[in-house]
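Reading the structure
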Amino acid sequence: MMKKIIFGICSLFVAFTSANAQENLTYQKPSREILELVDYEKAPGVMMDDKKEYMVFTWQNTYKTLDDLNQEELQLGGLRINPVTNIASAMTYFNNLKVRKTTGQNPVQVQGLPSKPRIANLRWSPDDKKLAFTNTTDIAVELWVLDVATATATRLSSKPLNANPGRPFIWYSDSRSLLVHTISTNRPALTDSKKSIPTGPIISTSDGSKAQNRTYPDMLKNKTDEANFETLVTSELYRIGLDGTETLFKGKAMYSDVSFSPDGNYLLVTTIQKPFSYIVPFNRFPSKSVVYDLAGKEIKLVNEVPLSEVLSKGFMAVRKGKRNMNWRSDKPAGLYYAEALDDGNPETKVEYRDAVYQWEAPFAGEPTLLAKTTDRFAGIIWGNETTAVMFDNWYDTRNTRTYLINPSDPAQLPKVISNRNSQDIYSDPGDFETRKNSYSREVLLLEKDNAYLVGAGYTKDGQFPFIDEFNVKALKTNRIYQSAYTGKMERIMSILDVKKGEVLVQVQSKSEYPNYYLRNLKKKISLIPLTQFPNPFESIKNVEKSLIKYQRKDGVELSGTLYLPVGYDKAKKEKLPLLIWAYPTEYKDKNSAGQTAVNANEFTFPGYGSFIYWVTKGYVVLDDAAFPIVGEGKTEPNDSFISQLVANAEAAIDAVDALGYIDRKRVAVGGHSYGAFMTANLLTHSNLFACGIARSGAYNRTLTPFGFQREQRNYWEATDVYNTMSPFMNAEKVKTPILLVHGEADNNPGTFTLQTERYFQALKGLGAPARMVLLPKEAHSYVAKENILHLLWEQDQFFEKYLKNKR
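Note that this is a predicted model, so its numbers are computed, not measured.

1. Examining the pattern of salt bridges
On inspection of all chains with the given rule, the structure shows 41 salt bridges. Close ionic contact of Lys-130 with Asp-147 constitutes a salt bridge, the shortest N to O distance being 2.5 Å. Residue Lys-130 is located in strand 11 (residues 130–136), and its partner Asp-147 is located in strand 12 (residues 141–147); the two are separated by 17 residues in the primary sequence. Across the pair Lys-223 and Glu-226 runs a salt bridge whose closest N-O atoms are separated by 3.5 Å. Of this pair, Lys-223 and Glu-226 both sit in helix 3 (residues 223–233), three residues apart, which is roughly one turn of the helix. Accessibility expressed as a relative area gives 15% for Glu-226, which makes it buried. Three or more residues joined by partner-sharing salt bridges are found here, namely Arg-323, Asp-342, Arg-353, Asp-354 and Arg-376.

Here it is as structure tokens:
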């Protein structure tokens, strides 16, 4: 349905369990201490060309406004579209661009930008000399190009673009023209579903096949939606040159994906087909993939995919037939794809789950087998004719493998070079570094017989990022760099030049904003700074911050980042209220569950997604507290979800209490999404907390009957688990004050706004102390400044009443 809300005096819907059912409250702002942290200017983002010669700085507003959210919107097939401008209604825009040589000083303002720019979809040309982008006006999406060397932007075409299905353009390999999705000529007018008169009822049928789909948001609902969806995703493809020439390449169709072969001589075009579905999003609608030459002549129909409403159960279930089809990045024109050998059913026992095939242009012959994977195919990084790296994984065991393969000789069996638990971050060998080849495609960075791995470097003693040299012949690694920082945090962004030893890194500390530097691994010289972004949060730069480690009763290692209030006297150890912010994570073994990816030297960046603001108000904060839920062997993590949840909370409170900083009778817990679900359950099943804040959560698991979060079983297979884990089913146990917050337009699968509304109704009906706040126009994450400020005010008032001044 099309929606547009006009705000006069902005107000929120607030409900609470008092004599009055609703409280009509205009937007409020938090206290001065919090407001000073909220009102800051966001540092620019940084883009670099592949040669790292130029840096493009992108600015955006720190927050959106309600006016940004107050636009016409259609919710169709899993998309949220502005039907006037023809781009995603939730798109975040840049409002300015500047350019600087990497080794230069001050950025140069880009000239020629549109007035009031709303920039998105930035993409480098293959030769790295241009940067194409879109600008969204009040009525259309425009195509613009930035000449990087001259820092000049120009509008390229008057044709309005269609960005509804996704990125609306790609570069030709010559860097002199782009293939652009434009609004189709003579496009039909949209129909208002509220005003259209149905010609009959809406009927759906089941033929007996199991279709255990999750609860997707924004699905098509009727024939009017179908017609509007087809209208909005239909485009024409035009070749638009930098000289302004415009040539129709292909006529009207529902184009979902378009990509050139690496040599630029072929085009793989995927179009959405009918019939549409009312229960799955558009990426599971039928589709057809065809290869064309540059004249638009059809070379080969390479794939046809039927409607995918019916899949086997489980996260590793996939559809039958060709999938993950794409171009080989190391060859002029060759496709590859995977196909399930178990019919896509994880419960089928087979030696190999997937087969991977390659198919050479002009596709006259049959595809040839490249390799088979033990578990589900998870991608390939191409290197050259004889070297590529292939991956598979299996969620149930958390296993992931890395293979070295020889694409020129499929008879050679893949060599397993890594076989590990994906959640065991201490054993993570890192990610293979890539570079652009002569086709401007990402391939393995290979120097003689060596590839290169860049790792995050998590260990039991801290985080120490590294670079390893991996010999593809000997299958051995040699560490060529490891960060030695203990008082700062380093991130290795990319290897710029292996021979020279030049690496792009980002360095930060608790009080130093993340900035970019050049590090030379071969010369013993100081880091060369590339950016100098200041700390926008001066009032908390000296706040006490540390990583604490502690144990759960069953021996599982836990951790969290502890903040002491500004000016706290550790000698006096005044007993203060504690705020815990957390998010549960499922594991299959205790060892992985006990590892930590927290680095206490990370820059202290307060945001609405945590409680850090309250260090300015006299609260102790335990942020990102570990809440693992472990299920080893055949036991599923959720079989003991509640007991483990409470054990995690007890351990966290005990650990901070043992340090002597808190009054354990004044502890609050909070979380967002699954963290909100956690919060509601802790208030239901324990007496550990004085109050809790649950934001955008799901509380009735019968409304997500075919799985939620990482639960693969359906409601009828694990009825007791679903019921026990549902706070709604146990609402009569809640006696602790709870603040429920939800975006009015939540688009996250499973966390529909209805979840909070019905849970609040249950709590109110049963006499629990609860308050519900619905934030206008917000989706699952909150973005409008007015809503964020009011949210912080609500939380602050709630803490003052139920925690800080608790008697």
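Resuming the write-up.
2. Description of the environment of Asp-461
Its location among the elements puts Asp-461 in the loop between strand 34 (458–459) and strand 35 (462–463). Separated by 25 residues in sequence, Asp-461 and Thr-486 place their C-alpha atoms 9.9 Å apart.

3. Some words on the pairing of strand 21 (residues 298–305)
Every other side chain in a regular strand lies on the same face of the sheet, so the side chains alternate between the two faces. Pairing analysis gives six bridges linking strand 20 (residues 287–293) to strand 21, with the strands arranged antiparallel. Bridge pairing links Ser-289 to Asn-303 in strand 21.

4. So, the sheet that holds strand 4 (residues 54–59)
Judged by pairing direction, the sheet is antiparallel, and its four strands sit side by side in the order 3-4-8-9 without closing on themselves. The two strands at the open ends of the sheet, each matched to only one other strand, are strand 3 (45–48) and strand 9 (108–109).

5. Considering helix 5 (residues 641–658)
Given a rise of 1.5 Å per residue, 18 residues ought to cover 26 Å, and the 26 Å separating the end C-alpha atoms of helix 5 matches this to within 8%. Burial runs high along helix 5: 13 of the 18 residues are buried. Positive backbone phi, approximately 85°, marks Gly-660, located one or two places after helix 5.

6. Quick look at the packing of aromatic side chains
Counted according to the given criterion, the structure contains 41 aromatic pairs. Arranged with centres 6.2 Å apart and planes meeting at 50°, the rings of Tyr-513 and Phe-605 form a pair that is tilted. Residue Tyr-513 is found in the loop between strand 39 (502–508) and strand 40 (515–520), and its partner Phe-605 is found in the loop between helix 4 (590–593) and strand 46 (620–625); the two are separated by 92 residues along the sequence. On the accessibility criterion, Phe-605 (35% relative accessible area) is partly exposed. One aromatic cluster in this structure is built from Tyr-583, Phe-641, Tyr-674, Phe-677, Phe-706, Phe-708, Tyr-715, Trp-716 and Tyr-722. The ring of Tyr-93 has Arg-118 lying over it, and the distance from NZ or CZ to the ring centre is 5.2 Å. In this arrangement the basic side chain of Arg-710 is found over the ring face of Phe-315, its NZ or CZ atom lying 4.1 Å from the centre.

Rules and cut-offs
Residues numbered from 1 in each chain as written. Predicted model: local features only at pLDDT ≥ 70, side-chain atom pairs only at ≥ 80, totals over all residues. Heavy atoms only, no water. Salt bridge = Lys/Arg side-chain N within 4 Å of Asp/Glu carboxyl O. Helix = DSSP H or I, 4+ residues; strand = E, 2+ residues; numbered from the N terminus. Buried < 20%, exposed > 50% of the residue type's maximum accessible area, 1.4 Å probe, protein only. Pairing = 2+ DSSP bridges. Expected span 1.5 Å × (residues − 1). Phe/Tyr/Trp six-rings, centres within 6.5 Å; stacked < 30°, edge-to-face > 60°. Lys NZ or Arg CZ within 6 Å of the ring centre and 35° of its normal.

Read these as geometric descriptors, not functional statements.
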